[in-house]
Amino acid sequence: MRRAVIALIAAGTIGRIVWAFAAEGVAYDIESLQTVANAMQGDPLEVYASERWPYPAAFLPLAALADVVADALGLPFHGVVQLPAIAADAAIAWVVWRALLPRGERVALSGAALVALSPVFVLVSGYHGQIDSVAVLPALAGVLVWVRGVPNRALWAGLLIGLGAAVKQPPIFLVLALLPTAVGVREGARLAAAAVAVPVLSVLPFLVADPGTTVEGITANRGVPGFGGLSAFLQPELTRYWATLEQGVGPNGAVEFLTDAQNWIVAVAVLATGALLVRRRAEPFAAASLIWMVVYATNPNFAFQYLVWGLPFFVLAGRLRAAALLTAAATPPALLLYLHPDLGDDGWVYWVLVQAFWLGLVAAAVRGLAQKPHST
């Protein structure tokens, strides 16, 4: 079994590495990583002035290191900079396998395969140039630390979740998934304080040097309108543009309004869900699964890399079939969006597929909110 898992993860990892070096990925994201890597080697405190980094600072040293390695070895930056995310995918698959072993070898192997071979994970880490799995890995470890009840679990779980949030902000929501099973207010407060402290410390030098620019930078990300979600219903032609890139289309007034309000909409929805979960005393992985479903349902600008946040938690909550179905349904529209086959006048196909998929996420979120999550 161990050899089978290693072979499975190795196959997925090698495939990602080959693709990462063969294709340049999503130009804007790779260019952003190159921009901040250059800034880190020049004047690091000017990173947020570049307006190309909307996250805390934990990944910045890795971006700079990728640039140094690429130059030293004569390798393309777009391939080297994706290696941390590819390695994180492999580690997540291994963690999922180990965590699921008590439920049986077949279940554990299936869970690892849903990460190692998932087209969604492969597209995000091996092509796109996004770093979501780097953020998810420590946060996932933090939830496992909490569930297994290690000594001083609030501190260690909080620090690990905070490390994930220092790479990208969304893992901080996982604090709300653990609070329902906290032993008293003090443990919950320690968990939250440790989780918040890490991303704050990661940007502290930047805050001291230029507080306005730094705050504006790390709060600027509101997603890309039109990839999917409510914004795609409000302006279908924008979604068709992303699938075909045939002609430029800007967001209309309604989409711009929702985009400006996105962070508040999601934050309110997640906090309300957290309060409901505390009342239900929900089990951590079931609680995390529902939180991510609510994020997907209420975010007006859906994107496929967001699925990386939730899939490992769906698997560890015992919902392997749901995770497999979600992956299968997401793959066709994701391939259309990322690879841009020649659709011609049939760009509406992407709109139909992504909106049907998103409506399924909304239905799952509503169902989860309406009934008590199952403990597993």
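Here we summarise the structure given alongside this text. (Residues numbered from 1 in each chain as written. Predicted model: local features only at pLDDT ≥ 70, side-chain atom pairs only at ≥ 80, totals over all residues. Heavy atoms only, no water.)

### Let's talk about the overall build of the protein chain
Reasoning step 1: A count of helical and extended segments in the protein chain gives 19 helices and zero strands.
Reasoning step 2: By the compact-globule yardstick of 21 Å for 376 residues, the protein chain fits well, its C-alpha radius of gyration being 20 Å.
Reasoning step 3: Based on the C-alpha atoms only, the size of the protein chain along its principal axes is roughly 55 × 50 × 45 Å.
Reasoning step 4: Evaluated residue by residue, the protein chain yields a buried proportion of 52% over its 376 residues.
Reasoning step 5: Accessible area of the protein chain: about 16,000 Å², with a carbon and sulfur share of 66%.
Reasoning step 6: Positive and negative side-chain charges in the protein chain, numbering 21 and 22 respectively, have mean positions lying 24 Å apart. (Helix = DSSP H or I, 4+ residues; strand = E, 2+ residues; numbered from the N terminus. Rg over C-alpha atoms; globule rule 2.2 N^0.38 Å. Buried < 20%, exposed > 50% of the residue type's maximum accessible area, 1.4 Å probe, protein only. Areas by Shrake-Rupley, 256 points an atom, 1.4 Å probe, with all protein chains shown as cover. Lys, Arg positive; Asp, Glu negative; His and termini not counted. Charge placed at Lys NZ, Arg CZ, Asp CG, Glu CD.)

### Some words on the environment of Q262
Reasoning step 1: On the secondary structure map, Q262 appears in helix 15 (residues 253-280).
Reasoning step 2: Residue classification places Q262 among the buried residues on the basis of a relative accessible area of 4%.
Reasoning step 3: Note: C-alpha distance between Q262 and F121 (141 residues apart in sequence) is 24 Å.
Reasoning step 4: In this view, Q262 contacts N221, R222, G223, N299, P300 and N301; residues no more than four positions away in its chain are not counted.
Reasoning step 5: A polar atom in the side chain of Q262 sits 3.1 Å from the side chain of N301. (Contact = heavy atoms within 4.5 Å. Polar contact = N/O pair within 3.5 Å; in protein donor to acceptor, adjacent residues only side chain to side chain.)

### Focus: the nonpolar core
Across soluble globular proteins, nonpolar side chains show a tendency to be buried alongside one another.
Reasoning step 1: Core analysis: the biggest nonpolar cluster contains 85 residues, and W292, Y296, F304, L307 and F313 have the highest contact counts within it.
Reasoning step 2: Ranked by residue count, the leading element in this core is helix 16 (residues 284-298), at eleven residues.
Reasoning step 3: Aside from chain neighbours lying at most four places away, what touches F304 is V120, A330, P333, A334, L337, Y338, Y350 and V354.
Reasoning step 4: Listed in part, the 28 residues of the second largest apolar core include F59, L60, A63 and F206. (Core = buried A, V, L, I, M, F, W, Y, C linked by side-chain atoms within 4.5 Å.)

### Overview of the pattern of salt bridges
Once their charged atoms are close, side chains differing in charge can pair, the charge on each being opposite to the other.
Reasoning step 1: Within this structure, the stated rule accounts for four salt bridges.
Reasoning step 2: Between R52 and E31 there is a salt bridge, with the nearest N and O atoms lying 3.8 Å from each other. Residue R52 is found in the loop between helix 2 (27-41) and helix 3 (60-73), and its partner E31 is found in helix 2; the two are separated by 21 residues along the sequence.
Reasoning step 3: Two residues, D132 and K168, come together in a salt bridge whose shortest N-O distance is 2.9 Å. You can see D132 sitting in helix 8 (residues 132-147) and its partner K168 sitting in the loop between helix 9 (153-167) and helix 10 (174-178), a full 36 residues away along the chain. (Salt bridge = Lys/Arg side-chain N within 4 Å of Asp/Glu carboxyl O.)

Bear in mind that shape data such as this cannot, by itself, settle questions of function.
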